[in-house]
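Structure assessment
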Amino acid sequence: MPATPAPSPSTAAGPGQGSEQSVPGRRRLRSGRARPSAPPGEGPAVPRRGRVALVASLLGFTVITIDVSAVNIALPAIRDSLSGGMAGLQWVVDAYTLMFAALMLSAGALADRIGARRAYAWGVALFTLASLACALAPGIGVLVGARVAQGAAAAIVMPASLALIRQAYDDTRARARAIALWTVGGSVAMAAGPVLGGLLTDSAGWRAVFLLNLPVGAVILGLLVRVPRSPRRPAALDGGGQLTAVLALAGLAFAVIEGGHLGWTSGPVLTAAALALVSGYAFYVVEARHRQPMVPLGMLGDRRVAVPLAVGFAVNAAFYGGIFLLGLYYQQLRGMSAIAAGLMFVPMSAVVTATNLVSPRMAERIGRRPVIVTGQLVFTGAMLAMLPLAAHTPVWLVLVLLLPLSIGGALAVPALTALLMDAVPQERAGTASGLLNSLRQTGGALAVALFGSLLAGPGGDFSLPGMRIGLLAVAALLLATAALSRLLLPRG
């Protein structure tokens with residue numbers, strides 16, 4: 001694919017300014033001083049405000065990503081400190097993920113409505129305050145409540161951070177490089193999260209994992225003072241759809257988490273399941289009648305949209321379910337320290353980053369469908385490869401068995417995202433992206449709920465049989481979505 005030529009530096013004068021005389025390689029200012037222009041072929045120089053906006057956006061995306069993986073490593077220490085049991089640990093993870101998933105559906109519209117800078121500032125401020133509440137939590141209930149607030153804030157931060165980059169960079173090539181840096185920052189944060197979480201937990205206690213967010217939040221808010229105000233655009237907010245989505249996901253998560261502890265036929269579990277069904281149907285009705293729904297139901301009728309959404313759900317269920325499982329396996333079954341458990345994730349995260357870079361090239365050479373199907377089959381192999389894990393499995397063998405877990409999702413996700421973006425009109429790209437991210441987070445949350453319900457053996461010990469049942473269930477889901485991809489996606 002040929003490279004797009006970079007635009008030449010503009011020689012037009014701005015309002016109220018004298019004209020500029022263009023000379024090769026220089027731009028002449030009114031004061032007579034010269035300023036180097038961008039080298040040929042590299043596009044216009046990036047203004048300082050663009051770099052400040054990028055740093056602020058990158059820091060926010062990094063901190064909400066680190067929070068997910070770092071907290072997973074801190075879970076055993078949280079259990080020992082607050083006596084929450086396995087169900088409490090599941091809620092510590094899922095309270096964050098579910099609010100992140102549900103509110104992301106409309107967070108983009110909120111950023112458009114009030115302006116990206118203001119939305120981002122609100123999101124970062126709320127995330128910072130919620131992190132302080134997490135660090136000071138006297139019990140598991142307060143911690144879970146603070147995690148709900150963190151998840152709501154993260155849902156605002158994610159789309160607003162991208163909108164800030166879009167606002168700061170007018171040149172398409174400079175913007176593409178900025179978004180690439182933003183994406184790489186997320187990968188690095190995912191890799192660094194377990195190590196950082198383990199280091200902080202071992203040296204200063206699990207509360208330090210949340211306290212780390214406070215200085216980062218303060219730096220981001222300080223940078224935003226130097227970012228220009230964002231324009232406001234009319235955007236409809238679908239309050240009914242948002243409320244019913246939150247209730248449906250919360251009811252479903254409660255039923256899955258508590259079903260393994262209270263019993264699947266207990267009153268609270270059946271009530272939660274009924275709430276999920278009623279709220280899910282209400283969501284369908286609201287979206288069908290709303291003039292500007294946050295999830296246009298007609299879009300879901302396109303198999304190029306529906307299948308990538310299903311695959312995204314399954315892939316994240318496998319990945320985040322696996323991360324949750326391994327964090328507990330390393331510490332509770334093998335007796336590793338938190339920092340040692342964190343270091344076990346470094347090779348896997350490095351392979352994920354490398355595979356993310358290779359996947360788009362593979363899709364160009366052999367087509368997106370083969371890459372998407374292969375990624376899911378590799379992920380299925382990862383679930384099956386973990387079945388023999390036991391307390392005394394050699395560490396080197398554990399790392400080898402985890403290689404498919406590193407590769408599967410990193411192969412499939414870039415290709416399915418590109419396919420989804422090509423399948424929808426340009427004006428629906430934000431909606432489709434929000435829906436994909438929402439379903440991916442939901443898949444991860446429900447996998448954590450499932451694994452947590454199965455992992456708790458007698459007396460709260462780590463249950464190997466329960467782990468294996470969960471792995472087989474996720475493997476079956478991946479095989480089903482791989483078959484759908486093979487049958488329904490276009491060949492090209």
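Data block above holds the structure.
Okay, so let's go over this structure. Since we're looking at a predicted model, the values are computed, not measured.

Helix and strand counts for the chain stand at 17 helices and three strands. For the chain, restricting intrachain contacts to residue pairs at least 6 apart in sequence, the fraction spanning at least 24 positions comes to 80%. For the chain, the exposed area adds up to about 21,800 Å²; of that, 65% sits on carbon and sulfur atoms.

Before going further, it helps to examine the side chain of Thr 442. Counting through the fold element by element, Thr 442 comes out in helix α16 (residues 429-455). Ignoring any residue separated from it by four or fewer positions in sequence, one finds Thr 442 in contact with Ala 101, Leu 249 and Phe 313.

Let's shift gears to the nonpolar core. The biggest cluster of nonpolar side chains holds 102 residues, and the ones touching the most others in it are Leu 326, Tyr 330 and Met 383. Element by element, the count of residues in this core is highest for helix α10 (residues 303-333), at 16 residues. With residues near it in sequence (within four places) discarded, Met 383 still touches Ala 318, Leu 405, Leu 471, Val 474, Ala 475 and Leu 478. Tyr 96, Ala 111, Ile 156 and Met 158 belong to the second-largest nonpolar core, a separate cluster that totals 36 residues.

Our focus in this paragraph is helix α2 (residues 85-114). Between its terminal C-alpha atoms α2 stretches 41 Å, which fits the 44 Å expected from 30 residues at 1.5 Å a residue. With 23 of 30 residues buried, α2 is to be regarded as a mostly interior element. Phi turns positive, to about 100°, at Gly 115, one or two residues after α2.

Taking 1.5 Å per residue, 21 residues should reach 30 Å; helix α12 (residues 346-366) reaches 30 Å between its end C-alpha atoms and fits that length. Along α12, the sharpest change in direction is near 30° and occurs at Val 358; proline Pro 360 comes one to four residues later. Every buried residue of α12 is accounted for by Met 348, Ser 349, Val 352, Thr 355, Ser 359 and Ala 363. Of the residues flanking the end of α12, it is Gly 367, one or two places downstream, whose phi is positive at about 100°.

So, about the packing of aromatic side chains. A full pass over the atoms with the stated rule returns eight aromatic pairs. Residues Tyr 96 and Phe 100 carry aromatic rings whose centres are separated by 6.0 Å and whose planes lie at 75° to one another, so their mutual orientation is edge-to-face. Here the residue Tyr 96 and the residue Phe 100 both occupy positions in helix α2, the gap between them amounting to four residues, near one helical turn. The two residues Tyr 96 and Phe 100 agree in class, both being buried.

So, how was this worked out
- Residues numbered from 1 in each chain as written.
- Predicted model: local features only at pLDDT ≥ 70, side-chain atom pairs only at ≥ 80, totals over all residues.
- Heavy atoms only, no water.
- Helix = DSSP H or I, 4+ residues; strand = E, 2+ residues; numbered from the N terminus.
- Contact = heavy atoms within 4.5 Å.
- Areas by Shrake-Rupley, 256 points an atom, 1.4 Å probe, with all protein chains shown as cover.
- Core = buried A, V, L, I, M, F, W, Y, C linked by side-chain atoms within 4.5 Å.
- Buried < 20%, exposed > 50% of the residue type's maximum accessible area, 1.4 Å probe, protein only.
- Expected span 1.5 Å × (residues − 1).
- Bend = angle between axes of the 7 residues up to and from the residue.
- Phe/Tyr/Trp six-rings, centres within 6.5 Å; stacked < 30°, edge-to-face > 60°.

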